[in-house]
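Understanding the architecture of this molecule
The lines below spell out each chain.
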Amino acid sequence: MSKLQGATIIFLNSRRQVLLVLRDDKDSIPYPNTWNILGGYIEENESPSDCIKREMLEEIELDVGEINFFRSFDLGDRIDYAFWKEIDLEPSKINLHEGQRLAYFTKAEIDKIEIAFQGNRILDTFFQEVIQ
């Protein structure tokens, strides 16, 4: 049996902060009420980049346009394909369809919280390799 595959996107603003979503507070989902990187699972016959573009249209009504592939991560239970885009978004003006709210975080703030689905590992690597 092959592993689940997902795609995430790190939105980086001009202040070097990343946009995270606060997951819904429902016992029926993994990591309820926890911050997470935006993304989702890849559907059959869908590429990772097509997945992230579809997910962002569904979740925040954003056509992401051109995106940068960062790297893939073997997270044990799944393979995650991480992308990133430098963009200044205003969280309060985004139509959020999944999750409670959006907010920007600095690296120091991220280091103090647990990100769902091993997101800290992805973000730590991103800050080391891309932001430096």
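Preceding this section is the structure that the text describes.
Nothing here was measured: the structure is a model prediction, and the numbers come from that model.

The next subject is the side chain of E59. The topology assignment puts E59 in helix α1 (residues 48-60). With residues up to four places along the chain from it excluded, the contact list for E59 reads L38, G39, N95, L96, H97 and E98.

It is worth spelling out the nonpolar core at this point. Counting 22 residues, the largest nonpolar core has I9, F11, L19, L38, M56, I60 and L89 as the members making the most contacts within it. Put simply, the parts of the chain that give this core at least two residues each are β1 (4-12), β2 (18-22), α1, β6 (78-86) and β7 (101-105). In terms of residue count, the dominant contributor to this core is α1 (four residues). M56 has contacts with I9, F11, L38, G39, E61, L62 and V64, leaving out every residue within four places of it along the chain. Membership of the second largest hydrophobic core comes to 20 residues, among which are L20, F70, F73 and F105.

Before going further, it helps to spend a moment on the packing of aromatic side chains. For the structure on display, the rule yields seven aromatic pairs. Measuring from ring centre to ring centre gives 4.8 Å for W35 and F105, while their planes differ by 70 degrees; the resulting arrangement is edge-to-face. Of this pair, W35 sits in strand β3 (residues 35-36) while F105 sits in strand β7, placing them 70 residues apart in sequence. By relative accessible area, W35 is classed as buried at 12%. Residue classification places F105 among the buried residues on the basis of a relative accessible area of 11%.

The rules we used
- Residues numbered from 1 in each chain as written.
- Predicted model: local features only at pLDDT ≥ 70, side-chain atom pairs only at ≥ 80, totals over all residues.
- Heavy atoms only, no water.
- Helix = DSSP H or I, 4+ residues; strand = E, 2+ residues; numbered from the N terminus.
- Contact = heavy atoms within 4.5 Å.
- Core = buried A, V, L, I, M, F, W, Y, C linked by side-chain atoms within 4.5 Å.
- Buried < 20%, exposed > 50% of the residue type's maximum accessible area, 1.4 Å probe, protein only.
- Phe/Tyr/Trp six-rings, centres within 6.5 Å; stacked < 30°, edge-to-face > 60°.

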